[in-house]
Amino acid sequence: MANEILRIEGVRKGFGGLKAVDNCSLSVPERTIVGLIGPNGAGKSTLFDLISGFIKPDAGNIIFSGKEIVGLPAYRIAGMGLIRTFQIPRALMRMTVLENMMLGSQNQLGEMILAPIIRHGRVKAEERAIEKKAEDILKFFDLLRMRDEYAGSMSGGQKKMLEMARALMANPRLLLLDEPFAGVNPALSERLIEKIKLLRKSGLTIMIIEHAIPYVLALSDELYVLNKGAILASGQPDKVISDSRVFEAYLGVGSDAQP
Amino acid sequence: MLSLESITAGYTDENIITDLSLRVEEGEIVTVIGPNGCGKSTLMKSIFGLTRMRGGRILFLGQEITGLRPDQLVKRGLSYVPQEKNVFAALTVRENLEIGAIALKGGIDERISLVLELFPALADRMDQRAGTLSGGEQKMLAVGRAMIINPSMLLLDEPSAALSPKIMGQLFSEIQEINERGVTILMVEQNARRALAISDRGYVMEMGKNRLEGPARSLLDNPEVCRLYLGRK
Amino acid sequence: MNTMIGQLVANGVVYGCIIALAAIGLSLAYRIMNFANFAHGDFLTLGAYFTLFFAATSNLGFPLACVLAVLATAACAALLDIAIWKRMRSSGANRTAIMILSIGVSIAIRNALIIFFRPDALRFPVPVMESINLGGILLTYFQIAVVLIAFTCMLVVHSILSRTILGKSMRALADNPNLARITGINVDQVVRYTWMVSMGLAALAGIMLGLVTHLNPNMGWSIILPMFAAAILGGIGNAYGAMAGGMIIGLAQEISTAFLPAEYKIAVSFAIMIAVLFFRPRGLMGGT
Amino acid sequence: MQDYLVSIILTAGIYAIFALGLNLQWGYAGLLNFGHVAFMAIGAYTTVLLSMNEVPLILAVPAGMVLAGACGAFLGVATLRLREDYLAIVTIGFSEIVRFILLNWSSLTRGSFGLYGYPRPLEEMIPHEDYNLLLAGVVIVVLLLVYALLEILAKSPWGRVLKSVRDDEAVSVSLGKNAFSYKVQSLALGSAIAALAGSMLAFYLQYINPNNFQPIETFYAWIMVILGGSGSNRGTIAGAVLLWGFFSTTRFLEGYVSLSPSASGALRMVIIGLVLIALMMFRPQGLFGRKEELAVGK
């Protein structure tokens, strides 16, 4: 078995009386795409918030490349190479597409307050390199022609693509994509699938939440189904999706169908 | 009783619902199902004037209600239970019901006792803050709050969300009872099986559009439904 | 020593009552409108000057002039809501913009008062009274009246919030604005009444401040710090917390004069505010 | 006439520097500093008090900037984890506290009598009547330097992070940026710039007293920033020129209206208040700003 890059053990999170994530365990092997599906309110996005450190679990461990990351501030977790996107596209509306992209790059010397003044030359050179990289990635996502537009003027689908592109600027080791296909039109979605496959080939590990199941099936090496905050089923995508419990979960479980 | 004529609506610039039509006859229970993110909740919000409508019109009892404010709709006898955050957590159960009756003139006590007849479990909790109730009790309070104006039609957004199967069953039978008292019901539901079991007719939505329509009991037998949900053949 | 402390406590209660009344209005407005109104202090001033105006231009007598002033201030609040706040709400402006705007309102009101009443300190046309001695503690009748009226107002606010349909609507709106709208509450109307209650209380606090000290166009603005400190201490947005917070701030400021030069008593508010933010940012009683 | 022009250049220039500090905080990082004047006061008093004790200028001015920056950072640490209005409340309180301390710590500040008779740099070498002209030159050079510094920073990766924090803090954090630290940095730097403006104000006025540092001064800076378009350094400078232009024109017109000095001053302030209201209601992007880059958001 390949090395696992992320392991979640018995994670729980409640909001008031509601158990959003309930004793959830899963593992993500390196260089794979892991899909996460489940009906509305199953706790998928909450799970992403927990992994990326935006909220703290009530119990359980989260181990990213061998290190326990529960309790670390979210920016530190991102700095370790675990980058997430958001369900509702969060482009930085009042910055240009290129600025959005360049922000994604990690460990920039120029981000230290005085460096742009005292290390002017080096920062300039660093900026040129980052800009080049940003343009390459924008080209990969067919967004290059929009590089100087304000992100706020993009369509929802384009914002989604920009978000993914921006995340790639960070050279992530694990990329958490929250509904990357939402709002993206079908033709573009097909191309996006190809691009995500290329990313896996280049060695990236990806975890995807998606409700458009055909896309998840086309991409995932392994599929987890979350229902009411707990893992309902997992394994090979085709097998998982044929599991009658999954269809039942989507259509609504009767009391008898509860395991 | 309620008819949507090719409405198009969304929150910001993008349309979540496009060209959707739907009818509910008096006395019916109609359920709208569909996969995550197909626009079911947006549909409910659009009827209640909480989205930006960019096309089409909505008729209720023969009169156009497109673009009316929620308080005007409530006065016309249309009541809405949102999916979440549907009780005033910081207020007591009694206060929640009183707020629900704000559009009424007088007779509050009488209405409250009618709601308590429907949901007797709430009677012991009248002076408790709603936030301290269990999930099921909160849901009953939410429906009770909507019922207190004696509506002719009730809109329910995912009434079964986050309920245990047992409570869910109880809730659906209460919805049925409300319907038998003469209240027309339109609901959107995740739990298609349970909801359709008590419904007269159903609609299936996909990507902001109406895809299927039919009698509730036979709708799930349609192979299209499975495809729309899980994308398998 | 004991009488000195007793006197300071008495002064603190009087001052605390005024701060509490002001802070209740501030907190109510914060809770319902969801922004910190930096013009709140100037409504205190407005109330005091309205009183002066009514008392000087008519022979209604001082108490009636006070009542008229409170009503007039509430009317100004309603006008301002129609002219400004409602537009900002319906255009979806965010609260930072509205807060900056409230500064503009504050500057305009304060200076309009300077134009009409000159910048000098003024006094209400009421007789100067001898203090009465309660076991060594000296208090004027005005100070006693301030405490009585303030406590009455707190009771009235309590019963408005807990008994009346307006109060329940206000709490419902604060708790869950979307649901309030869906339920059929006329949100604009409730917001307008909230402004009127909040500004009416501010006017009353201003009158009291004028009674125990004097009037000047800066009087309300100058207590903005203890006012906000009281609101934050009680958990901003929490009306009951604001009452308690006002009392604590008033007492702390006055009692501090036993140990610190009196000039620094305002710094006590600031120190309390910073300490609360570090250790208990939601206030002692929890707020929004 | 020349004196008048020089005095306008001096005040507009000093206030432009002051407002540039605020623009860094509000325009770039979205922080509500309602007590900016406190940092100007700290700068002015620190520089003057040190100069009076024969500390050379080269140390006295930076000392004020460091102290102001540290105070700004402290207030940030206390409030920036909370909702944005807490910073506004605490800074406005801080500016009043600073003024009260200056008024009441008489042994150090001479209270309301203020400080005067302190040495001005190179005073003995320059004829008194030309001093202001020279100072105006210095102010313009400093203004250009501060402007250049802020432009470089705003367009640098550092400024980029700051703008991302203003737009959507969660995005910054998700990309590994320590948003909190950047907000504190911008508060500290903006406050230090205000202190620099304060030092220059002290040398221009030759007399400082706590009443130079009323809360209204903060809101002059706000109007300058918003008038010119939040987030634009050039706009801020234009805003400063416009505001002082307004002040001097109205002072000039005062001769023709029969209002007492206090009333005409107050009338000016009423107009200022109404301008602020009108800007926020009808043109939040300012006179020259672009709506797309509006710092106030939707």
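Rules of the game
- Residues numbered from 1 in each chain as written.
- Chains lettered and ligands numbered in written order.
- Predicted model: local features only at pLDDT ≥ 70, side-chain atom pairs only at ≥ 80, totals over all residues.
- Heavy atoms only, no water.
- Helix = DSSP H or I, 4+ residues; strand = E, 2+ residues; numbered from the N terminus.
- Rg over C-alpha atoms; globule rule 2.2 N^0.38 Å.
- Buried < 20%, exposed > 50% of the residue type's maximum accessible area, 1.4 Å probe, protein only.
- Contact = heavy atoms within 4.5 Å.
- Areas by Shrake-Rupley, 256 points an atom, 1.4 Å probe, with all protein chains shown as cover.
- Lys, Arg positive; Asp, Glu negative; His and termini not counted.
- Charge placed at Lys NZ, Arg CZ, Asp CG, Glu CD.
- Salt bridge = Lys/Arg side-chain N within 4 Å of Asp/Glu carboxyl O.
- Patch = residues over 30% accessible without salt bridge, like charges linked within 9 Å, V, L, I, M, F, W, Y side chains within 5 Å.
- Pairing = 2+ DSSP bridges.
- Axes fitted to C-alpha atoms, helices over the stretch in contact; angles between N-to-C directions.
- Buried area = accessible area lost by both parts, 1.4 Å probe.
- Nonpolar A, V, L, I, M, F, W, Y, C, P; charged D, E, K, R; others polar.
- Core = buried A, V, L, I, M, F, W, Y, C linked by side-chain atoms within 4.5 Å.
- Domains from an automatic or database assignment.
- pLDDT = per-residue confidence, 0-100.
- Expected span 1.5 Å × (residues − 1).
- Parallel < 35°, antiparallel > 145°, perpendicular 65-115°, else oblique.

Chemist: Is there a simple way to think about the overall build of chain B in this case?
Modeler: Per the secondary structure count, chain B includes 9 helices and 10 strands. For a compact globule of 233 residues, the expected C-alpha radius of gyration is about 17 Å, and chain B comes in at 17 Å, within 12% of that figure. Along the three orthogonal principal directions, the C-alpha set of chain B runs to about 50 × 35 × 30 Å. The proportion of buried residues among the 233 residues of chain B is 57%. Summarising the internal contacts of chain B: among those between residues at least 6 apart in sequence, 67% fall at separations of at least 24. Entry remark: accessible area of chain B is about 9,300 Å², with carbon and sulfur atoms responsible for 47%. Within chain B, the 29 negative side-chain charges are centred at a point lying 4 Å from the centre of the 28 positive side-chain charges.

Chemist: What is the right way to look at the overall build of chain A in this model?
Modeler: For chain A, the helix and strand inventory stands at 10 helices and 10 strands. Computed over C-alpha atoms, the radius of gyration of chain A comes to 19 Å, within 12% of the 18 Å expected from 2.2 N^0.38 for 259 residues, which places it in the range of a compact globule. If you line up chain A on its principal axes, its C-alpha atoms span 70 × 40 × 40 Å. For chain A, the residues scored as buried account for 57% of the 259 residues in total. Considering only contacts within chain A whose residues lie at least 6 apart along the sequence, 66% involve residues at least 24 apart. Here chain A displays about 10,500 Å² of accessible surface, and carbon together with sulfur accounts for 52% of that area. Across chain A, the mean location of the 33 positive side-chain charges is 4 Å away from that of the 29 negative side-chain charges.

Chemist: Before we go on, may I ask you to explain the pattern of salt bridges in this structure?
Modeler: For side chains of opposite charge, pairing can occur when their charged atoms come near one another. Within this structure, the stated rule accounts for 45 salt bridges over all chains. One salt bridge in this structure joins Arg200(A) and Asp221(A), with 2.7 Å as the shortest N-O distance. Taken together, the residues Arg200(A) in helix H7 (residues 186-201) and Asp221(A) in the loop between helix H8 (213-219) and strand S9 (222-227) connect sequence positions 21 residues apart. A salt bridge links Asp188(C) to Arg89(C), with the shortest nitrogen-to-oxygen separation between them at 3.2 Å. Of this pair, Asp188(C) sits in helix H8 (residues 187-212) while Arg89(C) sits in helix H3 (residues 62-90), and the two are 99 residues apart along the sequence. Here Asp188(C) falls in the partly exposed class, since its relative accessible area comes to 30%. By relative accessible area, which is 28% here, Arg89(C) ends up partly exposed. In the salt-bridge network here, residues are joined through shared partners; they are Asp81(C), Lys86(C), Arg89(C), Asp188(C) and Arg192(C).

Chemist: Is there a simple way to think about a nonpolar patch on the surface in this case?
Modeler: Residues and elements named next belong to chain D. Taken together, the side chains of Phe252, Leu253, Tyr256, Val257, Leu259, Leu267, Ile271 and Val275 make up a nonpolar region of the molecular surface, amounting to roughly 750 Å² of accessible area. Sorting the residues of the nonpolar patch by element identifies helix H11 (233-253) and helix H12 (261-282) as the ones contributing at least two each. The leading source of residues in the nonpolar patch is H12, at 3 residues. Checked against the element boundaries, Tyr256 lands in the loop between H11 and H12. Classification of Tyr256 as exposed rests on a relative accessible area of 65%.

Chemist: Teacher, can you tell me more about the sheet that holds strand S2 (residues 18-29) of chain A here?
Modeler: Neighbouring strands of a sheet are bound in pairs by backbone hydrogen bonds; such pairs are parallel or else antiparallel. All names here are of chain A. The strand order across the open sheet built from 4 strands is S2-S1-S4-S5, with neighbouring strands paired in antiparallel fashion. Unpaired on one side and paired on the other, S2 and strand S5 (67-68) mark the two borders of the sheet. With 8 bridges connecting them, strand S1 (residues 4-15) and S2 associate as antiparallel partners. Across the sheet, residue Gly14 finds its bridge partner in S2, namely Lys19. Docked against the sheet, helix H1 (residues 44-51) engages S1, S2 and strand S4 (59-64), running at close to 115 degrees with respect to S1.

Chemist: Explain the interface of chain D and chain C here, please?
Modeler: A common way to report how large an interface is uses the accessible area buried once the components associate. Each partner contributes to the interface: chain D provides 44 residues, whereas chain C provides 43 residues. Between chain D and chain C, a total of about 3,900 Å² is buried, with carbon and sulfur atoms accounting for 78% of that surface. For chain D, the biggest contributors to the area lost against chain C are Arg83(D), Tyr86(D) and Ile89(D); these three give 15% of the whole. On inspection of chain D and its partner chain C, the count reaches 1 salt bridge. We note a salt bridge from Glu84(D) to Arg95(C), for which the minimum N-O separation is 2.9 Å. Elements that contribute at least two residues to the side of chain D that touches chain C include exactly helix H3 (57-79), helix H4 (84-104), helix H10 (215-228) and H12 of chain D. The greatest single-element share of the side of chain D that touches chain C, amounting to 13 residues, is contributed by H4(D). Residue composition of the side of chain D that touches chain C, grouped by class: 34 nonpolar, 6 polar and 4 charged.

Chemist: How should the arrangement of the chains be read in this particular structure?
Modeler: In this assembly, 4 pairs of chains are in contact, and the pair with the greatest number of contacts comprises chains C and D. A gap remains between chain A and chain C, which never touch, and the nearest two C-alpha atoms on either side lie 15 Å apart. One thing to see here is that chain B and chain D don't touch, and their nearest C-alpha atoms sit 12 Å from each other.

Chemist: What is the right way to read the nonpolar core from this model?
Modeler: Nonpolar side chains in soluble globular proteins tend to end up buried together. Ranked by internal contacts, the top residues of the largest apolar core, which has 261 residues, are Ile196(A), Ile24(C), Phe38(C) and Phe34(D). Counting the residues that make up this core, at least three belong to each of domain 1 (4-91 + 155-251) and domain 2 (92-153) of chain A. Contact partners of Phe38(C), with chain neighbours within four places excluded, come to Met99(C), Ser102(C), Ile103(C), Ser106(C), Trp221(C), Ile224(C), Phe228(C), Phe34(D), Ala88(D), Ile89(D) and Ile92(D).

Chemist: Whenever I open this one, the sheet that holds strand S10 (residues 209-215) of chain B confuses me. Can you help?
Modeler: All names here are of chain B. Taken in spatial order, the 6 strands make up an open sheet running S6-S7-S8-S3-S9-S10, and their pairing is mixed. A strand with exactly one partner marks an edge of an open sheet, and here the two such strands are strand S6 (78-81) and S10. Averaged over all pairs of adjacent strands, the angle between strand axes in this sheet comes to 15 degrees, irrespective of strand direction. Judged from the 4 bridges that link them, strand S3 (residues 29-33) and strand S9 (residues 201-206) form a sheet pairing that is parallel. Residue pairing across strands places Val30 opposite Arg201, the latter belonging to S9.

Chemist: Any chance you could explain the confidence of the model for chain B here in plain terms?
Modeler: As a note on interpretation, predicted positions should not be read in detail where pLDDT is low. Mean pLDDT over chain B stands at 86; residues scoring 70 or higher make up 98%. Predicted complex metrics record ipTM = 0.85 and pTM = 0.88.

Chemist: Any chance you could explain helix H5 (residues 141-163) of chain C here in plain terms?
Modeler: Residues that lie three or four places apart on an α-helix share one face, since the helix turns once every 3.6 residues. Residues and elements named next belong to chain C. Under the 1.5 Å per step criterion, the end-to-end length of H5 is 32 Å for 23 residues, consistent within 8% with the ideal 33 Å. All buried positions along H5 are accounted for by Phe142, Gln143, Val146, Val147, Ala150, Cys153, Met154, Val157 and Leu161. The inward-facing, buried residues of H5 contact helix H1 (2-33), strand S2 (137-139), helix H6 (165-175), H8 and helix H10 (239-256).

Chemist: Where do I start with the packing of helix H1 (residues 2-28) of chain D against helix H7 (residues 157-167) of chain D in this structure?
Modeler: Describing two packed helices takes the angle between their axes plus the distance from one axis to the other. Residue and element names in this part refer to chain D. H7 packs onto H1 with a crossing angle of 55 degrees between their chain directions and a minimal axis gap of 8 Å. Relative to H7, the element H1 is oriented oblique. Contacts between H1 and H7 involve Leu24, Gly27 and Tyr28 on the former and, on the latter, Trp158, Leu162, Lys163 and Arg166. Classifying every residue of the contact of H1 with H7 gives 4 nonpolar, 1 polar and 2 charged.

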